Amino acid sequence: MSSLLGQITVILILGVIIFVITRVCGGLGKIPPEMGELGEEFQEVKDRMMETHIMGFWKIEVLDSKGNVVKRKEIGDVGTKGFYIGRGRMCDLRIRSSYVSEKHAVIASDEKGFFLKDCGSRNGVYYKNKKVYQIDLEDRMTLYLGNVACRISRANIMDDFSRNDEGHTRVWGSGTQVKGGKSEIKRD
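The paragraphs below set out a description of the structure included in this document. Quick caveat: nothing in here was measured; it's all calculated off a predicted structure.

### A look at a nonpolar patch on the surface
Turning to step 1, where the next piece is worked out: Taken together, the side chains of Val 10, Ile 13, Leu 14, Ile 17, Ile 18 and Ile 21 define a hydrophobic patch exposed on the protein surface, amounting to about 510 Å² of accessible area.
Turning to step 2, where the next piece is worked out: Secondary-structure assignment places Leu 14 in helix α1 (residues 2–25).
Turning to step 3, where the next piece is worked out: By relative accessible area, which is 47% here, Leu 14 ends up partly exposed.

What follows is the structure, encoded as structure tokens:
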């Protein structure tokens, strides 16, 4: 318990330090106008890095019939193989339901962002009551894999603590490095 309090204290202190620096400097990472084109290129690279490393974290939650979360998994680096969802042992997120195929769907990324693609499942993927074969991920979207509801959300880096599948408390994103590499899984 004291370890948890220590972690919370450190996070709060860091938050205050960042707030003070931001207020004093008028914003972190701003490029002075005198840097011209070089400054603009640097800003573009910085923006891409921030998008890759911070905005690349997602979480997927499996919901019961009442909308309660029964399973949660974070999605960081999908790498070149993707993040597979299904009933099979080889999947990154296993859902034990006869309505979910062995390899039901995959989450992958490319230069346009993260997307979910049906892997030819028997019972399909549905979004807003329409069958989809491929869909760009949006924050807090609920998809149905067969008859199983899954909510996909951006993992907020300011959400300090959450519980993983084993019930251990951890900081979102710790131990996961997002590399932003292109996936071998292609959009249709």
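### Quick notes on the pattern of salt bridges
Two side chains carrying opposite charge are able to pair once their charged atoms lie near each other.
Turning to step 1, where the next piece is worked out: With the rule as written, the count across this model stands at six salt bridges.
Turning to step 2, where the next piece is worked out: Here Arg 87 ties to Glu 102 by a salt bridge, and the two come within 3.0 Å at their closest N and O atoms. Of the two residues, Arg 87 is situated in the loop between β3 (83–86) and β4 (93–94) and Glu 102 in the loop between β4 and β5 (105–110); the sequence distance between them amounts to 15 residues.
Turning to step 3, where the next piece is worked out: The exposure class assigned to Arg 87 is partly exposed, which follows from its relative accessible area of 26%.
Turning to step 4, where the next piece is worked out: A salt bridge links Arg 187 to Asp 136, with the nearest nitrogen and oxygen atoms 2.4 Å apart. Remark: Asp 136 occurs in strand β9 (residues 134–136) and Arg 187 occurs in the segment after β13 (169–170); sequence separation between them is 51 residues.
Turning to step 5, where the next piece is worked out: Take Asp 136: its relative accessible area is 42%, and that puts it in the partly exposed class.

### With respect to the sheet that holds strand β8 (residues 130–132)
Turning to step 1, where the next piece is worked out: If you walk across this open sheet you meet the six strands as β2-β1-β11-β10-β7-β8, and the pairing is antiparallel. Strands at the two margins of the open sheet, each flanked by one partner only, are β2 (69–75) and β8. Shown here is a sheet whose adjacent strand axes are inclined to one another by a mean of 30°, direction ignored.
Turning to step 2, where the next piece is worked out: With three bridges joining them, strand β7 (residues 125–127) and β8 adopt antiparallel strand pairing. Across the sheet, the residue bridging to Tyr 127 is Lys 130, located in β8.

### Considerations on the environment of Ile 60
Turning to step 1, where the next piece is worked out: The residue Ile 60 is located in strand β1 (residues 58–63) in this model.
Turning to step 2, where the next piece is worked out: Expressed as a C-alpha distance, the spacing of Ile 60 and Lys 71, which sit 11 residues apart in the sequence, is 8.3 Å.
Turning to step 3, where the next piece is worked out: Residues within four places of Ile 60 in sequence aside, it is in contact with Lys 71, Arg 72, Lys 73, Ile 75, Phe 83, Ile 85, Leu 93, Cys 150, Arg 151 and Ile 152.

### Digging into the packing of aromatic side chains
Turning to step 1, where the next piece is worked out: Using the criterion set out here, one finds one aromatic pair in the structure.
Turning to step 2, where the next piece is worked out: Ring geometry for Trp 58 against Phe 114: centres 6.0 Å apart, planes inclined by 50°, an arrangement best described as tilted. Of the two residues, Trp 58 sits in strand β1 while Phe 114 sits in strand β6 (residues 113–118), which places them 56 residues apart along the sequence. Phe 114 shares its class with Trp 58; the two are buried.
Turning to step 3, where the next piece is worked out: Positioned over the ring face of Tyr 84 is Lys 103, at 4.7 Å from the centre of the ring.

### Digging into the pairing of strand β11 (residues 148–154)
Turning to step 1, where the next piece is worked out: By the criterion of burial, β11 is predominantly enclosed, with six of the seven residues buried.
Turning to step 2, where the next piece is worked out: One ladder, built from six bridges, connects β1 with β11; its direction is antiparallel. Among the inter-strand pairings, Val 62 is bridged to a residue of β11, identified as Cys 150.
Turning to step 3, where the next piece is worked out: Examined bridge by bridge, strand β10 (residues 141–145) and β11 share five bridges and lie antiparallel to one another.

### Quick look at the side chain of Arg 151
Turning to step 1, where the next piece is worked out: By the element assignment, Arg 151 lies in strand β11.
Turning to step 2, where the next piece is worked out: The class of Arg 151 is buried, set by a relative accessible area of 17%.
Turning to step 3, where the next piece is worked out: Ignoring anything within four residues of it in the chain, the contact list for Arg 151 reads Lys 59, Ile 60, Glu 61, Leu 63, Val 69, Arg 140, Met 141 and Thr 142.

### Description of the nonpolar core
Turning to step 1, where the next piece is worked out: Ranked by size, the top nonpolar core spans 25 residues in total, and within it Ile 85, Ile 107, Leu 116, Leu 143 and Ile 152 carry the most contacts.
Turning to step 2, where the next piece is worked out: Sorting the residues of this core by element identifies β1, β3, β5, β6, β7, β10 and β11 as the ones contributing at least two each.
Turning to step 3, where the next piece is worked out: Each residue touching Leu 143, except ones within four places of it in the same chain, is listed here: Leu 116, Val 125, Tyr 126, Tyr 127, Ile 135, Val 148, Ala 149, Cys 150 and Ile 152.
Turning to step 4, where the next piece is worked out: Listed in part, the six residues of the second largest apolar core include Tyr 84, Cys 91, Val 106 and Ala 108.

Reading the values: rules and limits
- What you see as residue numbers is a count from 1 along each chain, following the sequence as written.
- Totals for whole chains, interfaces and linings use every residue, but because this is a predicted model, local features are given only for residues with pLDDT of at least 70 and side-chain atom pairs only at 80 or more, for both listing and counting.
- Side-chain measures were taken over the full set of non-hydrogen atoms in the model, leaving aside hydrogen atoms and water.
- Patch rule: a residue counts if its relative accessible area is over 30% and it has no salt bridge; like charges are joined within 9 Å, and nonpolar side chains (Val, Leu, Ile, Met, Phe, Trp, Tyr) within 5 Å.
- Throughout, the Shrake-Rupley method with a 1.4 Å probe supplies accessible areas, and for residues the shown protein chains are the sole cover considered.
- Salt bridge, as used here, is a side-chain nitrogen of Lys or Arg placed within 4 Å of a carboxyl oxygen of Asp or Glu.
- Helix and strand labels come from DSSP, where a helix needs a run of H or I of at least four residues and a strand needs a run of E of at least two; each type is numbered from the N terminus.
- The buried label goes to any residue with under 20% of its type's maximum accessible area, the exposed label to any with over 50%, and the partly exposed label to all in between, with areas taken from a 1.4 Å probe on protein chains only.
- DSSP-based pairing: two strands are paired if at least 2 bridges between them are found.
- The axes are straight lines fitted to the C-alpha atoms, using for helices just the contacting stretch, and the angles between their N-to-C directions are given from 0 to 180°.
- Whether two residues are in contact is decided by their heavy atoms: any pair within 4.5 Å suffices.
- Only rings of Phe, Tyr and Trp enter the pairing, Trp through its six-membered ring, and a pair is recorded when the two centres are within 6.5 Å. The plane angle decides the type: under 30 degrees is stacked, over 60 is edge-to-face, the rest tilted.
- Criterion for a charge above a ring: Arg CZ or Lys NZ at most 6 Å from the ring centre, at most 35 degrees from the ring normal.
- We call a set of buried residues a nonpolar core when its members are Ala, Val, Leu, Ile, Met, Phe, Trp, Tyr or Cys and they connect through side-chain atoms within 4.5 Å of each other.

These figures come from the coordinates and say nothing about function on their own.
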